[in-house]
Amino acid sequence: MSLVEAELREALRLPGCALCRLEHLAEQTYCTWFILENYYSAATLEVLNRGGFCRVHAWRMAQLAGQRLAATYDVLVREAKERVRRALAVSTGAGSPVRWRARRWQAVVMRVLERKEPCPVCVASVRRAELGARHLVQFLEQEAGRDDYTRSDGLCWDHLVRVCLLAEPPVASFLLNDFLRRLSALEASLAEYFRKSDYRFAHEPKGPEQTAYLDAVELFSGLLDRVGGVMVPGRTKLAGRGHRGA
Ligand SMILES: [Zn+2]
Ligand SMILES: [Zn+2]
Ligand SMILES: [Zn+2]
């Protein structure tokens with residue numbers, strides 16, 4: 001069994017979308033590697049200079065790497081100044097407003113200032129999820145695999161689409177039937193939430209329907225490795241998720 005296959009089987013046993021979880025594992029691997037030896041390596045600095053971390057990963061890295069980032073950004077700031085100076089030279093060298101050409105200026109902004117390379121953490125995590133998706137398709141070709149998948153939390157919308165693109169009709173229809181069943185369960189859970197919101201039934205004990213909206217967020221937009229800042233009632237599916245290996 002390959003490493004990705006083992007990871008995938010493990011992820012299917014844990015809460016949330018298995019491919020989201022593989023993405024988080026890849027993020028963790030990248031961050032660990034970055035902190036241990038690469039926050040000041042020439043190759044990494046070059047990648048960051050051309051693209052940089054996306055918003056989410058920049059802040060995650062700030063959290064994990066802490067003050068090591070002072071060395072990283074010390075280099076990036078100098079490179080950034082160089083680029084700003086180059087753009088500035090064009091904007092002040094253009095002379096009279098008559099000679100100003102919007103198109104030429106936009107080309108300079110895009111060439112000199114825009115950061116085109118994608119975030120390296122995003123690249124690493126998408127790659128891992130793609131690999132996981134390929135293994136999942138093979139896994140779902142077996143009946144035991146389909147049973148494991150049915151018992152799992154299923155895929156989020158985007159990852160379902162990725163896997164459907166790779167799957168042939170039997171696996172694709174299995175996945176879509178399964179997704180439909182999950183949407184119906186969510187619909188029922190939301191209906192139960194509204195029923196209990198009615199003053200006539202407000203005395204009934206609250207249950208998992210109270211966090212149905214979070215299940216919906218997860219299904220539509222994927223799993224976060226921590227449900228940051230959201231109040232999650234105890235004894236529900238999402239409570240304590242941050243501590244369960246995410
Ligand atoms: Zn997902
Ligand atoms: Zn903004
Ligand atoms: Zn990113």
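The following refers to the structure shown. (Residues numbered from 1 in each chain as written. Chains lettered and ligands numbered in written order. Predicted model: local features only at pLDDT ≥ 70, side-chain atom pairs only at ≥ 80, totals over all residues. Heavy atoms only, no water.)

### Here we look at the coordination of the zinc ion (ligand 3)
Stage number 1. Those protein atoms acting as donors to the zinc ion (ligand 3) are Cys54 (SG), His57 (ND1), Cys119 (SG) and Cys122 (SG), and they sit at 2.0 to 2.4 Å.
Stage number 2. Between the 4 donor atoms coordinating the zinc ion (ligand 3), the angles at the centre fall across 102 to 114°, so the site counts as tetrahedral.
Stage number 3. Within one chain, the residues donating to the zinc ion (ligand 3) are spaced in sequence as C-x2-H-x61-C-x2-C.
Stage number 4. Residue class for Cys54 comes out partly exposed when judged on its relative accessible area of 24%. (Donors = N, O, S within 2.8 Å, 3.2 Å for Na, K, Ca; no water. Tetrahedral: all angles 85-135°; square planar, octahedral: opposite > 155°, others 65-115°. Buried < 20%, exposed > 50% of the residue type's maximum accessible area, 1.4 Å probe, protein only.)

### Here's the deal with the coordination of the zinc ion (ligand 1)
Stage number 1. Coordination of the zinc ion (ligand 1) by the protein is provided by Cys17 (SG), Cys20 (SG), Cys156 (SG) and His159 (ND1), with metal-donor distances spanning 2.0 to 2.3 Å.
Stage number 2. Classification of the site at the zinc ion (ligand 1) rests on its 4 donor atoms, whose angles at the metal span 101 to 118°, yielding the label tetrahedral.
Stage number 3. Within one chain, the residues serving as donors to the zinc ion (ligand 1) are arranged as C-x2-C-x135-C-x2-H. With a gap of 139 residues between them, Cys17 in the loop between helix H1 (3–13) and helix H2 (18–38) and Cys156 in the loop between helix H8 (143–151) and helix H9 (157–166) connect regions that are remote in the sequence. In this pair, the class of Cys17 matches that of Cys156, namely buried. (Helix = DSSP H or I, 4+ residues; strand = E, 2+ residues; numbered from the N terminus.)

### Points about the environment of Ala71
Stage number 1. When you line up the elements, Ala71 lands in helix H5 (residues 69–93).
Stage number 2. Looking at Ala71, the relative accessible area reads 27%, which means it is partly exposed.
Stage number 3. The spatial distance from the C-alpha of Ala71 to the C-alpha of Tyr40 is 6.6 Å, given a sequence separation of 31 residues.
Stage number 4. The residues touching Ala71, leaving out its near neighbours within four places in the chain, are Tyr39 and Tyr40. (Contact = heavy atoms within 4.5 Å.)

### Focus on the packing of helix H3 (residues 42–50) against H5
Stage number 1. Interhelical geometry of H3 versus H5 gives an angle of 45° and a closest axis separation of 10 Å. One finds that H3 runs oblique with respect to H5. As for the relative orientation of H3 and H5, their crossing is right-handed in sense. For the pair formed by H3 and H5, the contact residues are Leu45, Leu48 and Asn49 on the first element and Thr72, Val75, Leu76, Glu79 and Arg83 on the second.
Stage number 2. Looking at the contact of H3 with H5 residue by residue, the class counts come to 4 nonpolar, 2 polar and 2 charged. (Axes fitted to C-alpha atoms, helices over the stretch in contact; angles between N-to-C directions. Parallel < 35°, antiparallel > 145°, perpendicular 65-115°, else oblique. Left-handed = near helix turned anticlockwise from the far one by under 90°. Nonpolar A, V, L, I, M, F, W, Y, C, P; charged D, E, K, R; others polar.)

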